[in-house]
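For reference, the chains in residue letters:
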Amino acid sequence: FSRMATPGAGYETFVYRNLDTQLSGLAARQHGVFALRQVAEHSQSVQRRERAGRLFRIHRGVYALVPRRLLSREGRWLAAVLACGEGAALSHRSAAHLHELRATTRGPIDVIVAGRTTHRHAGIDLHRSVNLERTDVTTVGGIPVTTIARTVLDLAAVVSKHQLARALHQADLLLLLDVNELARQLERNPNAPGAPNLRAELD
């Protein structure tokens, strides 16, 4: 213990390995990714590890233990959410896939944020909403994602009426369809892009 408390080779090795353990543990709990803001006190060390090829930058401020191509789908989803900041959530087509309402094979990942941010991220379709509330976001498999009702409302703006009907049917089969909650979403967001299609489908 006295050696580690004294700056020198032994101390530096201890700190180096301890940080690697912390980063590995954090990433392991988060599908292999983490945000720089989660380890802000070690930001310079993280960036040095990236330059040395020990970590991999996925988005601005988001790193992984493995290259992007080796990340799981969940890892890519969470990396996209982390890149968009506090309060961001998986949404639209990507959220529908996570909720098992409708699969998607498209490349860009849908993420929604509250407010009017102007940030852009490669590979992310960033949606902005002034009406996104905390109750519109839940967590599935450790990934922040819009609730079923909010997901359906947003999905209605980007898929055909037939595809929306099938997603609603799937939600019903999974016992996840709450018509009253959908109605409340429409009341709160009457001018949302997907509101007309969802309202017509419910009618």
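Visitor: How would you sum up the overall build of the chain? Please name residues and give values.
Guide: When you go through the chain residue by residue, the secondary structure sums to nine helices and eight strands. For the chain, the spread of C-alpha atoms along the three principal axes comes to 75 × 30 × 30 Å. In the form shown here, the chain has an accessible surface area of approximately 11,300 Å², with 51% of it arising from carbon and sulfur atoms. Across the chain, the centroid of the 27 positively charged side chains sits 10 Å from that of the 18 negatively charged ones.

Visitor: Please set out the sheet that holds strand E3 (residues 62–64) residue by residue, giving values where relevant.
Guide: Taken in spatial order, the three strands of this open sheet run E1-E3-E2, and their pairing is antiparallel. Every other strand in the sheet has two partners, leaving strand E1 (33–35) and strand E2 (56–59) as the edge strands with one partner each. Along the sheet, successive strands turn relative to each other by an average axial angle of 35 degrees, direction set aside. Looking at chain direction, E2 and E3 are connected through three bridges and run antiparallel. By the bridge assignment, Arg-57 is partnered in E3 with Tyr-63. Against the sheet, helix H4 (residues 73–83) touches E1, E2 and E3, its axis set at about 5 degrees to E1.

Visitor: Explain the side chain of Ser-129 to me, and be specific about the residues and the numbers.
Guide: Relative to the helices and strands, Ser-129 resides in strand E6 (residues 124–129). Apart from the residues within four sequence positions on either side, Ser-129 is in contact with Ile-112, Val-113, Ala-114, Gly-115 and Arg-150.

Visitor: Explain the packing of aromatic side chains to me, and be specific about the residues and the numbers.
Guide: One pass over the structure, following the stated rule, counts one aromatic pair. Plain terms: the ring middles of Phe-34 and Tyr-63 are 6.1 Å apart, the flat faces sit at 25 degrees to each other, and that makes the pair stacked. With Phe-34 in strand E1 and Tyr-63 in strand E3, the pair connects residues that are 29 residues apart, well separated along the chain.

Visitor: If you had to explain the environment of Ile-143 to someone new, which residues and values would you point to?
Guide: Here Ile-143 is to be found in strand E8 (residues 143–146). Look at Ile-143 and you get buried, because its relative accessible area is 0%. Separated by 65 residues in sequence, Ile-143 and Leu-78 place their C-alpha atoms 5.8 Å apart. Residues within four places of Ile-143 in sequence aside, it is in contact with His-31, Glu-74, Trp-77, Leu-78, Leu-90, Leu-98 and Thr-138.

Visitor: I'd like to hear about unusual backbone geometry, residue by residue, with values.
Guide: With a phi close to 50 degrees, His-92 is a non-glycine residue in the positive phi region. Mapped onto the elements, His-92 comes out in helix H5 (residues 92–98). Positive phi outside glycine occurs at Glu-100, with the angle close to 65 degrees. With respect to the element layout, Glu-100 can be found in the loop between H5 and strand E5 (109–114).

Visitor: Can you break down helix H8 (residues 179–188) residue by residue, with the values?
Guide: Each α-helix turn comprises 3.6 residues. Residues three or four places apart therefore point the same way. Considered for burial, the residues of H8 that qualify are Leu-182, Gln-185 and Leu-186. All buried residues of H8 fall inside an arc of 100 degrees around its axis, so they share one side. For H8, the exposed residues set more than 90 degrees away from the buried face come down to Asn-180 and Glu-187. Packing partners of the buried residues in H8 comprise helix H6 (148–155), helix H7 (161–173) and helix H9 (195–202).

Procedures and definitions
- Residues numbered from 1 in each chain as written.
- Predicted model: local features only at pLDDT ≥ 70, side-chain atom pairs only at ≥ 80, totals over all residues.
- Heavy atoms only, no water.
- Helix = DSSP H or I, 4+ residues; strand = E, 2+ residues; numbered from the N terminus.
- Areas by Shrake-Rupley, 256 points an atom, 1.4 Å probe, with all protein chains shown as cover.
- Lys, Arg positive; Asp, Glu negative; His and termini not counted.
- Charge placed at Lys NZ, Arg CZ, Asp CG, Glu CD.
- Pairing = 2+ DSSP bridges.
- Axes fitted to C-alpha atoms, helices over the stretch in contact; angles between N-to-C directions.
- Contact = heavy atoms within 4.5 Å.
- Phe/Tyr/Trp six-rings, centres within 6.5 Å; stacked < 30°, edge-to-face > 60°.
- Buried < 20%, exposed > 50% of the residue type's maximum accessible area, 1.4 Å probe, protein only.
- Arc of directions from axis to C-beta.

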